[in-house]
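Single-letter residue listing:
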Amino acid sequence: MKKIGFLSFGHWTPSNQSATRSAQDVLLQSIDLAVAAEELGADGAYFRVHHFARQLSSPFPLLAAVGARTKTIEIGTGVIDMRYENPLYMAEDAGAADLISNGRLQLGISRGSPEQVIDGWRHFGFSPREGESDADMGRRHTEELLEVLRGEGFAEPNPQPMFPNPPGLLRLEPFSEGLRERIWWGSGSNATAEWAAKLGMNLQSSTLKDDETGEPFHIQQAKQIRLYREAWKAAGHTREPRVSVSRSIFALVNQMDRMYFGRSGQESDSVGYLDANTRAIFGRSYAAEPEKLIKLLAEDEAIAEADTLLLTVPNQLGVDYAAHTIDAILKYVAPELGWR
């Protein structure tokens, strides 16, 4: 059995060919898609976060709204760039969204991806400390977030408060019990996957990672997951970790599917550079008739290693069609692979 959810990049563009022509369109349709996915039996509704772009950027209002409109589906992010985040404010927002959803928040965070603007986090008031890189700063923010999510008091109370205080040092409120165990780290390398394991975070691995061995993407990603689990065990954590991978997978079951994706299956991995020094490998996408798709996916070692699969959805094609792409996988592909 495998949990299956969707991952939306939340694109919008003021084009007549797009079903999401404004930020309002993509926000409201994201809520509707989560409701539809829950009705179809999907397990998760996840959203990307990008700043300075025509995409979803402010996750907590959206997560809270989805939590209020749904009952069972997990809601999460993939991922929030921690270089932009005030960890304490984030802990309050996350606690509120988790309580609204009755403990269904699965918060994916990371040091971030290539940006729309130069050093965008500086515009949010953050700068690396002396000797730090921006990636170091993102990991420091993460460790601060994890610490406050433990729920222990750390702030000295005012001796003459406006309202009565409980005894002892004060913690951030609202506090949501168990949220600390539902934080995921989006890892692009083996080393950061092992770091996440040591800190007790679940693992998110997307459709790209550092090209560390020259092997096919799914093999490198499967090795990354195994290294993560070994590091988790070595750290002595008592609970079982969770691991998700994301994929672009489209089952061609009608003429519209063939029109949109019949020729878009990227049948091999590709290699590029995220910056001057980082060679990355990008995993292939899948688009085929269900029978062929089942055979192809059975050979993907990383999907086999993960307990959660996130399907990227074409959100600009509208809620109904995005829901159809999820339903086609749940109905025609997942049962044959033992995912359901």
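For the structure itself, look to the data block above.
Residues numbered from 1 in each chain as written. Predicted model: local features only at pLDDT ≥ 70, side-chain atom pairs only at ≥ 80, totals over all residues. Heavy atoms only, no water.

Some points on the pattern of salt bridges
This is how the line gets drawn: The working definition used for a salt bridge is a side-chain nitrogen of Lys or Arg within 4 Å of a carboxyl oxygen of Asp or Glu.
For the structure on display, the rule yields 26 salt bridges. Of the charged contacts, one joins Glu152 and Arg150 as a salt bridge, the two residues approaching to 2.8 Å between their closest N and O atoms. In this structure, a network of salt bridges that share partners links the residues Asp81, Arg83, Arg111, Glu115 and Asp134.

Considering a nonpolar patch on the surface
The following threshold applies: Residues forming no salt bridge and having over 30% relative accessible area are the ones grouped into patches, like charges within 9 Å of each other and nonpolar side chains (Val, Leu, Ile, Met, Phe, Trp, Tyr) within 5 Å. Residue exposure ignores everything except the shown protein chains as possible cover, and the areas themselves are Shrake-Rupley values with a 1.4 Å probe. Working definition: helices are DSSP H or I runs of at least four residues, strands are E runs of at least two. Numbering for both runs from the N terminus.
Taken together, the side chains of Met256, Met259 and Tyr260 define a hydrophobic patch exposed on the protein surface, amounting to about 320 Å² of accessible area. Mapped onto the secondary structure, Met256 falls in helix H8 (residues 255-261).

Some remarks on the nonpolar core
Note the cut-off: What is meant by a nonpolar core is a set of buried Ala, Val, Leu, Ile, Met, Phe, Trp, Tyr and Cys residues, joined one to another through side-chain atoms within 4.5 Å. Relative accessibility decides the category of a residue: with a 1.4 Å probe and only protein chains considered, values under 20% of the type maximum give buried, values over 50% give exposed, and everything between is partly exposed. It only takes one pair of heavy atoms within 4.5 Å for two residues to be counted as in contact.
Core analysis: the largest hydrophobic core is formed by 74 residues, its most contacted members being Phe6, Leu107, Ile109 and Leu293. The element that contributes the greatest number of residues to this core is helix H11 (residues 319-333), accounting for eight residues. If we skip the residues at most four places from it in the chain, Ile109 touches Val79, Ile80, Met82, Met90, Thr142, Leu145, Ile183, Trp184, Trp185, Gly186 and Met201. If you look at the next biggest cluster of nonpolar residues, it comprises five residues, including Phe250, Leu252, Phe261 and Ala287.

Looking at the sheet that holds strand S11 (residues 270-273)
To keep it simple, the criterion reads: DSSP calls a pair of strands paired once it identifies at least 2 bridges connecting them. Under this scheme, a helix contributes an axis fitted over its contacting stretch, all axes are lines through C-alpha atoms, and angles between N-to-C directions fall in the 0 to 180 degree range.
Taken in spatial order, the three strands of this open sheet run S8-S12-S11, and their pairing is antiparallel. Of all strands in the sheet, those with a lone pairing partner are strand S8 (208-210) and S11, marking the two edges. Across the sheet, the mean angle separating the axes of adjacent strands is 30° when strand polarity is ignored. Sheet topology note: the S8/strand S12 (residues 279-282) ladder contains three bridges and is antiparallel. Across the sheet, the residue bridging to Leu208 is Phe282, located in S12.

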